[in-house]
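Fold and contact review
Given next are the chains, with one letter for each unit.
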Protein chains: 2
Amino acid sequence: MPSYTAPSKDMQYVLHDVLNIAASDIPGYSDLDRDFTAAILDEAGKIAAEVLSPLNPVGDTVGCKMENGVVYTPPGFKDAFAQMKVGGWPGIDMPEEFGGQGLPYVMGTAVGEHFSAANQAFTMYQGLTHGAASTILAHGTADQKATYLPKMVACDWTGTMNLTEPHCGTDLGLMRTRAEPQADGSYKVTGQKIFISAGEHDMAENIVHLVLAKIPGGPDGIKGVSLFIVPKVLVNDDGSLGARNAVSCGKIEEKMGIHGNATCVMNYDGATGYLLGEAHKGMRAMFTMMNEARLGVGMQGLAQAEIAFQNALAYAKDRLQGRDVTGVKNPDGPADPLIVHPDIRRNLMEQKSFAEGARAFLLWGATLIDAAHRKGDGAADGLVSLMTPVIKGFLTDKGFEMTVQAQQIYGGHGYIEEWGMSQFARDARIAMIYEGANGVQALDLVGRKLAQDGGKHVMAFFDLVKGFCKDNAETEGMGEFVEPLKRASKDLQTAAMYFMAEGMKNPNAALAGSYDFMHLFGHVCLGLMWAKMARASQAALAAGTDDPVFHQTKLVTARFYMTRQLPMTATHLARIQAGAEPVMALEAANF
Amino acid sequence: MPSYTAPSKDMQYVLHDVLNIAASDIPGYSDLDRDFTAAILDEAGKIAAEVLSPLNPVGDTVGCKMENGVVYTPPGFKDAFAQMKVGGWPGIDMPEEFGGQGLPYVMGTAVGEHFSAANQAFTMYQGLTHGAASTILAHGTADQKATYLPKMVACDWTGTMNLTEPHCGTDLGLMRTRAEPQADGSYKVTGQKIFISAGEHDMAENIVHLVLAKIPGGPDGIKGVSLFIVPKVLVNDDGSLGARNAVSCGKIEEKMGIHGNATCVMNYDGATGYLLGEAHKGMRAMFTMMNEARLGVGMQGLAQAEIAFQNALAYAKDRLQGRDVTGVKNPDGPADPLIVHPDIRRNLMEQKSFAEGARAFLLWGATLIDAAHRKGDGAADGLVSLMTPVIKGFLTDKGFEMTVQAQQIYGGHGYIEEWGMSQFARDARIAMIYEGANGVQALDLVGRKLAQDGGKHVMAFFDLVKGFCKDNAETEGMGEFVEPLKRASKDLQTAAMYFMAEGMKNPNAALAGSYDFMHLFGHVCLGLMWAKMARASQAALAAGTDDPVFHQTKLVTARFYMTRQLPMTATHLARIQAGAEPVMALEAANF
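I will try to describe carefully the structure that is included in this document. (Residues numbered from 1 in each chain as written. Chains lettered and ligands numbered in written order. Predicted model: local features only at pLDDT ≥ 70, side-chain atom pairs only at ≥ 80, totals over all residues. Heavy atoms only, no water.)

Each side of the interface is counted separately: chain B has 93 residues, and chain A has 93 residues. Together chain B and chain A conceal approximately 7,600 Å² of surface at their shared face, both sides included; 61% is due to carbon and sulfur atoms. When the buried surface of chain B facing chain A is broken down by residue, Y415, R564 and F591 of chain B rank first, second and third, together holding 13% of it. One can count four salt bridges joining chain B with chain A. D516 of chain A serves as the salt-bridge partner of R564 of chain B, at 3.8 Å between the closest nitrogen and oxygen. Take the side of chain B that touches chain A: its biggest share by element is eight residues, from helix α17 (residues 548–565) of chain B. Per-class residue counts for the side of chain B that touches chain A are 47 nonpolar, 26 polar and 20 charged. (Contact = heavy atoms within 4.5 Å. Buried area = accessible area lost by both parts, 1.4 Å probe. Salt bridge = Lys/Arg side-chain N within 4 Å of Asp/Glu carboxyl O. Helix = DSSP H or I, 4+ residues; strand = E, 2+ residues; numbered from the N terminus. Nonpolar A, V, L, I, M, F, W, Y, C, P; charged D, E, K, R; others polar.)

With that out of the way, let us pick up the nonpolar core. With 156 residues, the main nonpolar core has L348, F361, W364, F461 and F517 of chain B as its most contacted residues. Within the second largest apolar cluster, 154 residues are counted, among which are A355, L386, M387 and A488 of chain A. (Core = buried A, V, L, I, M, F, W, Y, C linked by side-chain atoms within 4.5 Å. Buried < 20%, exposed > 50% of the residue type's maximum accessible area, 1.4 Å probe, protein only.)

Turning to the environment of P150 of chain A, a few remarks are in order. Structurally, P150 of chain A is set in helix α6 (residues 142–153). Sequence-distant contacts of P150 of chain A, that is, excluding residues within four places in its chain, are made with F98 and K145 of chain A.

All names here are of chain A. When you tally the buried positions in strand β6 (residues 206–214), you get nine out of nine residues, the bulk of the element. Here β6 shows no split at all, with N206, V208, L210, L212 and K214 on one side and I207, H209, V211 and A213 on the other all buried. In terms of strand pairing, strand β3 (residues 157–162) meets β6 through six bridges, oriented parallel. Its bridge partner lying in β6, W157 is registered against N206. (Pairing = 2+ DSSP bridges.)

It is worth spelling out helix α1 (residues 8–18) of chain B at this point. Residue and element names in this part refer to chain B. By the criterion of burial, α1 is predominantly enclosed, with nine of the eleven residues buried. Turning to α1, its buried residues number three or more, namely S8, D10, M11, Q12, Y13, V14, L15, H16 and V18. Positive backbone phi, at 50 degrees, marks N20, one or two positions downstream of α1.

Right, let's get into the packing of helix α9 (residues 342–375) of chain B against helix α16 (residues 514–542) of chain B. All names here are of chain B. Where α9 meets α16, the axes come as close as 9 Å, and the angle between the chain directions of the two elements is 90 degrees. Accordingly, the angle class assigned to the pair α9 and α16 is roughly perpendicular. Across from K352, S353, F354, E356, G357, A358, A360, F361 and W364 in α9, the residues of α16 making contact are C525, L526, L528, M529, W530 and M533. A class-by-class count of the residues in the contact of α9 with α16 yields eleven nonpolar, two polar and two charged. (Axes fitted to C-alpha atoms, helices over the stretch in contact; angles between N-to-C directions. Parallel < 35°, antiparallel > 145°, perpendicular 65-115°, else oblique.)

With an RMSD of 0.0 Å, the operation that places chain B on chain A is a rotation of 180 degrees combined with a shift of 0.0 Å along the axis. Taken together, these values place the two copies in the relation of a two-fold axis. Among all C-alpha atoms of chain B, that of T571 of chain B lies closest to the rotation axis, at 3.1 Å. A shared binding surface is used by both copies, with 100% of the interface residues of chain B retained as interface residues in chain A. (Least-squares fit on C-alpha atoms with pLDDT ≥ 70 in both.)

All names here are of chain B. Among the seven residues of strand β7 (residues 225–231), seven are classified as buried, and the element is accordingly described as predominantly covered. Of the two faces of β7, both are covered, the one formed by V225, L227, I229 and P231 as well as the one formed by S226, F228 and V230. Both strand β6 (residues 206–214) and β7 contribute to a ladder of seven bridges, which runs antiparallel. For L212, the partnering residue across the bridge sits in β7 and is L227. Relative to strand β11 (residues 263–275), β7 runs antiparallel, the two being bridged by two bridges.

What is shown is where atoms sit, not what they do.
Set out below in structure tokens:
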């Protein structure tokens, strides 16, 4: 059975050595000293390793069951959920006013990686609740907040997001679910929603569904969509639970993975709902939290890559097979461990350099969200909005790819469910799809974000990379990290300029290259992170750190990323510069 | 439910327009005129589409079951197997002397793609039998051939290959299974084998296991391994079935995919076995058929990519979502079909250009095997041996990747088992692992095949590409195909020279780049195939073909591969030239 060891040490390194969070002027960050964050990460890591990780294969093999309309989570989930609640983990970064711990989002993201790595399907129950609660926090009336938030922050009640319908996923303007206004100011919601994660289960007294629907007579298409709170059990004026609402789970889906999370078809049959935010502004309300939600999905990509890497690494050290061609390494054994073989190492280094680079990228992104929310930093908001599709799309694509590579280390055993490596790949696969499929992320990046505010944010990104390169151009030993980053960043700029020049004439010239651009951007971001880590580790070594091996290892891994991964930017650029013609030339009928 | 349409037209194009097989002087090829191959492909395509494809999801969801030592295949498999036998499909390319059809291997490969695409798990039962029968054909005594081959060619008896043990997969020298010689010339085989595909099932009267084991007192390691025939039911002298042999299935594995094929733990408890080939030369005997077996697995990669592409394409044409940014394409509908969107097309073109390029590559490889076997062409044998790890490793890696991309077209529905796209990805995943994991293929390519016979075969490959480029350099309209191929081939040569120069000093300099080299090689092969197809289609158009759209589509797809896929060779080369240092620098303990 796979195991999980929380990479808290690496998180501490990123938070303090690389991002230096405690010195930031973001409100709440001054409390985040090394000891404090270490205590939180260790505690979260313990529950992840000891409680959530052992339940992960149980969730996969037993899955959720539905009987007579009741959905049962896998054995052990309820107890674990209770433990998470007692620890206050679901509300770690929610306001104290509603029972949360009030910590910054960056800490929620860090512990979220622990939980998600250990058990993605389980962690989604609280993740969805977090998203729904955040939306109510941003758009709810004082009454709505008072009614729902204390319960949701504590996870006594969980939450869901209801967007997709059978005939519409990305294109929500086609939505058919209707909300009829009632005399008392409430609405009757009728329609069917699909792919509702955590839509029904047995771990909470109530489930608060946030449902997109159209109020009859409103504008056509996406502009006529409103957002509603539709509780599974109606809430009385005194806050106690009342009658069951007319919402029910039609079935739970059989999926490729995340079997421990109930993915439900939800039927709304004139269910009582309450408008959340303004009428016809539902998309805006739902998407207020989009940067956070998408960053959270990017985190899932990293998290599955991390746990898959840990287990592949242990297997590579343990499994004896073949001999080192340069000389026997384990003369007393019948063979050398797998890790002596260059191609096994190539595979492991790809996983390692991804996981650590992605972690830095993600936590940096989380600090930008904190800067935007906690001190109204518009530049940070713009920058993280720009990078959100990259975080989501690149980290989930690569995260899945890394789980597949980790599985490969096990040979035939990787394909046998008993060893657990298949589950990591199957679970990681969903993150490329939900919360906006990765092709939609690429479209968002190239079609919207690049040109947003006159291209201000992408210019800010380039300035940031340029500034780092300039500041470190003369720093001894940094040349080998700065030069590849510069080249990669130049590829990204060339691609952006190509889009500007050609996209004016033909939008398809940009859109046909959008997916490559998202990956190109992702490599530049990870390249930047590795250059920053190299800088931080060189500084630590120069200052006489008491853990030189850790920092030397960072430098080796940075070198690997620069020489073995970053060259990918050239191919992405070449593909982009091939333009729309090869992609668009065929008539649909002739495919 | 997914469907399958046999791509017989594309196969006909490759066989006749590109490879011009009927004009070849390989014995047996002169019969392969257009009408004859069309009749075979259509018939095979029909059974694949109508019988095997509908059983594919059944195999996945019901799987194999074991009760009291008996393994039951999924409902419908037995009947379908009987139909395949009646049609003579399992023995299509086996000698007529033993009941086969005597057709060349290239035809077995072509129909094999149909069957494997429609139902990989099912087709493996006959595929394993084919491999075992071929081994007996190559190494068996006259008696052994007479006893086993007629039954195996007819698939009345099926076959297996028993290599792996719990503690050894790639490194078979560690093998513990023992074969004790008996007075009557037979052996008692004792040991445990794992991951035995089709090891036990209910579709044949007998199962002929080919088992690697060590005869006590023989050489240590891999040189002391011999190959044995161990039938499930002993065969009497008159050919009738006798007593049950001491071999049994211990359990069937729960796997990520290919649930319709029983992957068995096989226990040999003093089972009666018969030496096949020479003592201690078991590896050689087992690996005689390796080129074929590995080409067959590469074919599985293509086959799953093909069926996944077909279904993704149909979905992309059918599913209405969003609008074409350059102007509405489906004004009467609520939205345009997915296929209008550039990134969906980018994805589909990647799948299409892979499947068609891979098909040409594979069938070309099959003709080389025929040339080697049917007319003793040593150059063809050397060339296909060189390319075998590329066919296996590159086509299965890419094949899996394409199934994942096809799944992505479906958005959330791709993750739901009901739609069938998950199965294609889960089934395709195994082909990267079995018959030598792809890292082992890369090692075989760089560590053995490159330098084989003084590098003669790789030089022959380069000459072949060079010759094609030279012959077509002046051909009107071929420049856009020849130039990228030349560049890519130059990257491959540069990489090979780097290995030669650096690998002398440090073998790890070559081995650390082996995986990238395998992919670089694969791209050059597909680039060559696309250039050849472009040439063939230009010729057809010039000659006034009655199907201009087909050939124009080929040219568009060739252009896509050249401009959007082939640039990948530059990145592979850059990674290779980064050398061993970034890969090998870390101590194992510091990962």
